[in-house]
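Residue-level structure breakdown
Each chain, letter by letter, is given below.
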Amino acid sequence: MTLTDYIALAVFALLWTGYNWATDGKVHLKRISLTRLMMENRRRWILNSLNRDLKMIDTQIVAGLQAGTAFFASTTIFALGGCFALLGATDEVQRIMNDLPYVFRGGRSAFELKVGGLACLFAYAFFKFAWSYRLFNYCSILIGGIPMMSDMHEDRAGAERAAGRAVRMNILAAKHFNAGLRSIFLSIGYLGWFVSPYVFIALTVFVIFVLTRRQFYSEARQALLDDTNR
């Protein structure tokens, strides 16, 4: 491990933290992100369920969200297994990389540390997806607990509180899902470290650039904005 490696790792951590800070909704920036817009649409969706008795529609939507979360959770498990397989084949991989041009050769220990870091990324993503799956399950239960329209007139405030709990649970589940997804995206930049710390930095910056563009300048974001906010 060289000084450049440590600098590249620090840049990776800072960009990841900065991107989380800008998109998670904890700080309100002048330009609203796609994630924050979707938070408002999640709230609108669940509050709209107060006006219908057929809550199966809402639980079916949550089931679809759970299915996507389960897919990514299982994918990260396979990726994590691949990292451990890579550790077991360190000598073979190093022989292959030694024959490649422009590849920084840092030795066996450095290679194993890099693979260990990649495994940590996938493990982090798995725990985020697994917890998100659980929270979406809780959200489905909370939606089922929203009173029927015939009972809502007796306690409108109580029904709104029940819907508000489901909204907060859904938004929290989405936050954990997004955190896991970011970890997978940034693992692409991390792979550049196996070539060179400079490639590591370049790929990380590129991934953050793509993610930032999608959050703040994409057509998907534009489609969610009202005409007055464009």
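A few points on the structure. (Residues numbered from 1 in each chain as written. Predicted model: local features only at pLDDT ≥ 70, side-chain atom pairs only at ≥ 80, totals over all residues. Heavy atoms only, no water.)

**Looking at the state of the cysteines**
Heads up, the rule is: Any cysteine sulfur atom paired with another within 2.5 Å is treated as part of a disulfide.
Applying the stated criterion to the full structure yields 0 disulfides. As a non-bridged cysteine, Cys120 has Cys83 as the owner of its nearest cysteine sulfur, 9.2 Å distant.

**Comments concerning the pattern of salt bridges**
Short version of the rule: Salt bridges are counted wherever a side-chain nitrogen of Lys or Arg sits within 4 Å of a carboxyl oxygen of Asp or Glu. By the criteria applied, helices consist of DSSP H or I runs no shorter than four residues and strands consist of E runs no shorter than two, each listed in order from the N terminus. Categorising residues by exposure relies on relative accessible area from a 1.4 Å probe, with only protein chains included: less than 20% of the type maximum marks a residue as buried, more than 50% marks it as exposed, and the intermediate range marks it as partly exposed.
Following the criterion strictly, the structure yields 2 salt bridges and no others. One salt bridge connects Glu40 with Arg43, and the closest N-O pair in it is separated by 2.9 Å. With Glu40 and Arg43 both in helix 2 (residues 34-48) and 3 residues apart, this pair spans about one turn of that helix. Using a relative accessible area of 31% as the deciding quantity, one classes Arg43 as partly exposed.

**What to know about the packing of aromatic side chains**
Using the following cut-off: Two aromatic rings, drawn from Phe, Tyr or Trp (for Trp, its six-membered ring), form a pair once their centres lie within 6.5 Å of each other, and the interplanar angle then sorts them: stacked below 30 degrees, edge-to-face above 60, tilted otherwise.
Enumeration over the complete set of coordinates arrives at 13 aromatic pairs. Seen in terms of ring centroids, Phe71 and Phe72 are 5.3 Å apart; in terms of plane orientation they differ by 75 degrees. Their pairing is edge-to-face. Seen from their ring centres, Phe72 and Phe129 are 5.5 Å apart, and the 25 degrees between their planes marks the pair as stacked. With Phe72 in helix 3 (residues 56-88) and Phe129 in helix 5 (residues 108-144), this residue pair connects regions lying 57 residues apart in the sequence. Residue class for Phe72 comes out partly exposed when judged on its relative accessible area of 25%. We classify Phe129 as buried; its relative accessible area is 0%. Here a set of aromatic residues connected by ring pairs shows up, and it is made of Phe12, Trp16, Tyr124, Tyr190, Trp193, Phe194 and Phe200.

**Describing a nonpolar patch on the surface**
As a reminder, the rule being used: Each patch is built from residues that are more than 30% exposed by relative accessible area and take part in no salt bridge. Like charges join if they lie within 9 Å; nonpolar side chains (Val, Leu, Ile, Met, Phe, Trp, Tyr) join within 5 Å. Accessible surface area values rest on a Shrake-Rupley calculation with a 1.4 Å probe, where residue burial reflects the displayed protein chains alone.
Taken together, the side chains of Leu54, Met56, Ile57 and Ile61 define a hydrophobic patch exposed on the protein surface, amounting to about 380 Å² of accessible area. On the secondary structure map, Leu54 appears in the loop between helix 2 and helix 3.

**Side note on a negative patch on the surface**
Inclusion rule: The charged-residue count follows a simple rule in which Lys and Arg add positive charge and Asp and Glu add negative charge, with His and chain termini not counted at all. All charge positions are set by atom: Lys at NZ, Arg at CZ, Asp at CG, Glu at CD.
Together, Asp53, Asp151, Glu154 and Asp155 line one region of the surface with negative charge. Summarising the element assignment, Asp155 is placed in the loop between helix 6 (149-152) and helix 7 (156-190).

**Considerations on the nonpolar core**
Where we set the bar: Nonpolar core, defined: a set of buried Ala, Val, Leu, Ile, Met, Phe, Trp, Tyr and Cys residues in which side-chain atoms within 4.5 Å join the residues together. Contacts were defined at the residue level, with two residues in contact if any of their heavy atoms lie within 4.5 Å.
In terms of nonpolar packing, the biggest core is built from 20 residues, with Phe12, Leu118 and Tyr190 touching the most fellow members. Looking at this core, the elements with two or more residues in it are helix 1 (3-23), helix 3, helix 5, helix 7 and helix 8 (197-216). Ranked by the residues each element gives to this core, the list is headed by helix 5, at 6 residues. Contact partners of Leu118, with chain neighbours within four places excluded, come to Cys83, Ser187, Tyr190, Leu191 and Phe194. Core analysis: the next-biggest nonpolar cluster, separate from the first, contains 18 residues, Phe136, Ala159, Ala163 and Ala166 among them.

**Considering the side chain of Gln215**
In plain terms, the rule: Here a polar contact is taken to be a pair of N or O atoms separated by no more than 3.5 Å, where protein atoms must pair a possible hydrogen donor with a possible acceptor and residues adjacent in sequence count only if both atoms sit in side chains.
For Gln215, the position within the fold is in helix 8. Residue Gln215 is classed as buried on the basis of its relative accessible area, which comes to 11%. Side-chain polar atoms of Gln215 contact the side chain of Thr35, separated by 2.8 Å. Those residues in contact with Gln215 that lie beyond four places of it in its chain are Tyr19, Thr23, Ile32, Ser33, Leu34, Thr35 and Arg221.

By themselves, these figures tell us nothing about what the structure is for.
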